[in-house]
Amino acid sequence: MDKIGFIGTGSMGSILIESLLSAKALSPGHIIVSNRTPAKAEQLAHRHPGLVVAKNNLELAKAAKILLLCVKPMEYSVMLEQISPALTPEHLLITITSPIKLEQLEAWVPSAVARVVPSITNAAQGGVCLCEFGVRIQDEQRQFIRALFSHISTPIEVTEPFLRVTSDIASCGPAFLSYILQQMIHDAVQETGISEEAATYLTTQMVIGMAELLRKEAFTLPTLQKRVCVPGGVTGEGLIPLQNGIPGLFAEVFRRTQAKFAEDQEMLERYWSNQPS
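To start, this report covers the structure provided alongside it.

How each quantity is defined
- Residues numbered from 1 in each chain as written.
- Predicted model: local features only at pLDDT ≥ 70, side-chain atom pairs only at ≥ 80, totals over all residues.
- Heavy atoms only, no water.
- Pairing = 2+ DSSP bridges.
- Helix = DSSP H or I, 4+ residues; strand = E, 2+ residues; numbered from the N terminus.
- Right-handed = clockwise from strand over helix to strand, strands pointing away.
- Contact = heavy atoms within 4.5 Å.
- Axes fitted to C-alpha atoms, helices over the stretch in contact; angles between N-to-C directions.
- Phe/Tyr/Trp six-rings, centres within 6.5 Å; stacked < 30°, edge-to-face > 60°.
- Lys NZ or Arg CZ within 6 Å of the ring centre and 35° of its normal.
- Salt bridge = Lys/Arg side-chain N within 4 Å of Asp/Glu carboxyl O.
- Buried < 20%, exposed > 50% of the residue type's maximum accessible area, 1.4 Å probe, protein only.
- Core = buried A, V, L, I, M, F, W, Y, C linked by side-chain atoms within 4.5 Å.
- 1 Å grid on protein atoms, 1.4 Å probe; cavity = no way out; pocket = protein on both sides within 12 Å on 5 of 7 lines; lining within 4 Å.
- Points joined across faces, edges and corners; volume = space filled by probe spheres on them.
- Nonpolar A, V, L, I, M, F, W, Y, C, P; charged D, E, K, R; others polar.
- Patch = residues over 30% accessible without salt bridge, like charges linked within 9 Å, V, L, I, M, F, W, Y side chains within 5 Å.
- Areas by Shrake-Rupley, 256 points an atom, 1.4 Å probe, with all protein chains shown as cover.

## Points about the pairing of strand S8 (residues 154-157)
Then, number 1: Bridging between strand S7 (residues 128-133) and S8 involves four bridges; their strand directions are parallel. Among the inter-strand pairings, Val 128 is bridged to a residue of S8, identified as Thr 154.
Then, number 2: Assessed by its sense of winding, the connection that carries the chain from S7 through helix H6 (residues 139-149) to S8 is right-handed.

## Some thoughts on the sheet that holds strand S2 (residues 31-34)
Then, number 1: Ordered in space as S3-S2-S1-S4-S5-S6-S7-S8, the eight strands form an open sheet in which the pairing is mixed. At either margin of the open sheet sits one strand with a lone partner, and together these are strand S3 (52-53) and S8.
Then, number 2: This element, H6, spans strand S1 (4-7), strand S4 (66-69), strand S5 (92-95), strand S6 (112-117), S7 and S8 of the sheet and lies at about 170° to S7.

## As for the packing of aromatic side chains
Then, number 1: Summed over all chains, the structure comprises one aromatic pair.
Then, number 2: An angle of 40° between the planes, with centres 6.3 Å apart, marks the rings of Phe 250 and Phe 254 as tilted. Taken together, the positions of Phe 250 and Phe 254, both in helix H11 (residues 249-273) and four residues apart, correspond to about one turn of that helix.
Then, number 3: One cation-aromatic arrangement involves Arg 164 over Phe 261; the distance from NZ or CZ to the ring centre is 5.2 Å.

## Some thoughts on the pattern of salt bridges
Then, number 1: The final tally for this structure, using the stated rule, is 12 salt bridges.
Then, number 2: The residue Arg 47 makes a salt bridge to Glu 18 at a minimum N-O spacing of 3.1 Å. Residue Arg 47 is found in helix H2 (residues 38-47), and its partner Glu 18 is found in helix H1 (residues 11-22); the two are separated by 29 residues along the sequence.
Then, number 3: Judged by its relative accessible area of 46%, Arg 47 falls in the partly exposed class.
Then, number 4: The partner of Arg 270 in a salt bridge is Glu 266, and the shortest N-O contact between them spans 3.2 Å. With a gap of four residues between them, Arg 270 and Glu 266 both fall in helix H11, about one helical turn apart.
Then, number 5: If you follow the salt bridges from partner to partner, you end up with Glu 212, Arg 215 and Lys 216 in one network.

## With respect to the environment of Pro 85
Then, number 1: Mapped onto the elements of the fold, Pro 85 is located in the loop between helix H4 (76-83) and S5.
Then, number 2: Residue Pro 85 is classed as exposed on the basis of its relative accessible area of 64%.
Then, number 3: Note: C-alpha distance between Pro 85 and Gly 245 (160 residues apart in sequence) is 55 Å.

## What about the nonpolar core?
Then, number 1: Of all hydrophobic cores here, the largest spans 32 residues; its most connected members are Phe 6, Ile 17, Ile 31, Val 33, Leu 68, Ile 145 and Phe 149.
Then, number 2: Here this core gets four residues from one element, more than from any other, and that element is H1.
Then, number 3: Dropping the residues within four chain positions of it, Ile 145 is found in contact with Leu 92, Ile 94, Ala 114, Val 116, Cys 131 and Phe 133.
Then, number 4: If you look at the next biggest cluster of nonpolar residues, it comprises 23 residues, including Ala 61, Leu 69, Ile 83 and Leu 87.

## Topic: the layout of surface pockets
Then, number 1: Its volume calculated, the second largest pocket comes out at about 1,100 Å³.
Then, number 2: Residue lining of the second largest pocket: 43 residues in total, with Cys 70, Val 71, Lys 72, Pro 73 and Glu 75 positioned closest to the centre.
Then, number 3: Elements with a minimum of two residues in the lining of the second largest pocket: H1, H2, helix H3 (57-63), H4, helix H7 (163-192) and H11.
Then, number 4: By residue number, the principal contributor to the lining of the second largest pocket is H7, which donates five residues.
Then, number 5: Across the lining of the second largest pocket, the residue classes tally to 18 nonpolar, 16 polar and nine charged.

## Let's talk about a nonpolar patch on the surface
Then, number 1: A contiguous nonpolar patch, built from Leu 177, Tyr 179 and Ile 180 and spanning about 310 Å² of accessible area, is present on the exposed surface.
Then, number 2: Its location among the elements puts Tyr 179 in helix H7.
Then, number 3: Judged by its relative accessible area of 52%, Tyr 179 is exposed.

## Things to note about unusual backbone geometry
Then, number 1: Within the chain, Gln 125 stands out as a residue other than glycine whose phi angle is a positive 55°.
Then, number 2: Despite not being glycine, Glu 217 has its phi angle at roughly 60°, a positive value.
Then, number 3: In this fold, Glu 217 is placed in the loop between helix H8 (196-215) and helix H9 (221-228).

Put into structure tokens, the structure is as follows:
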């Protein structure tokens, strides 16, 4: 297998690398990395002997034909300027950043481009990753991406109009649900006196068990709710405030994420249009 280059070893970049290594989808010898702060890349290499750290982004692009771009949106123009002398039509660039439009990226490079939006759930080799493919992608490249990321997720192909909402559910969703569960724990402690440690343990185990039921397709979400909530029971009484308070809440969540996404894209377009050609 040819080397795969990772530009950026921050939070999500390092999660992807370590997840792919843990799943044995890649070996350290297949990976070359670069980072704006070299010490962070060196720490990753220290944990995974055989992993190579490039001196800079240009060296990485010369050494690897498949590049995963794991940098922040505002860093793209500088990063692309650095690697552009090495890029060829044989390169494959995979961005993990949702605000970057693939057609914008294609206008900057001669290479095939794709997007893979990961989720923190991929760190446990679960959940999905969202795949979007540019117009230059060949079937072999499409199959390679799906095969690689199937080791740590279920790859789902999406189109640009649904990129934001699918990212909200699959990628942002763990943060949304984590917040809700933390509020459940907090209020259990405040209202009943149960220890935070006990409430946290019970909540965590409940979520793990519920995920297993859904994974095994023992229940769907509606049938699971119906099975637990017997008529006239305690669960039904507890659902009343949820039924009064939650409907419409996620509509506001999605309105806000859509608005922020549009704002980020507009800011990027202005930024990129002001860069030297």
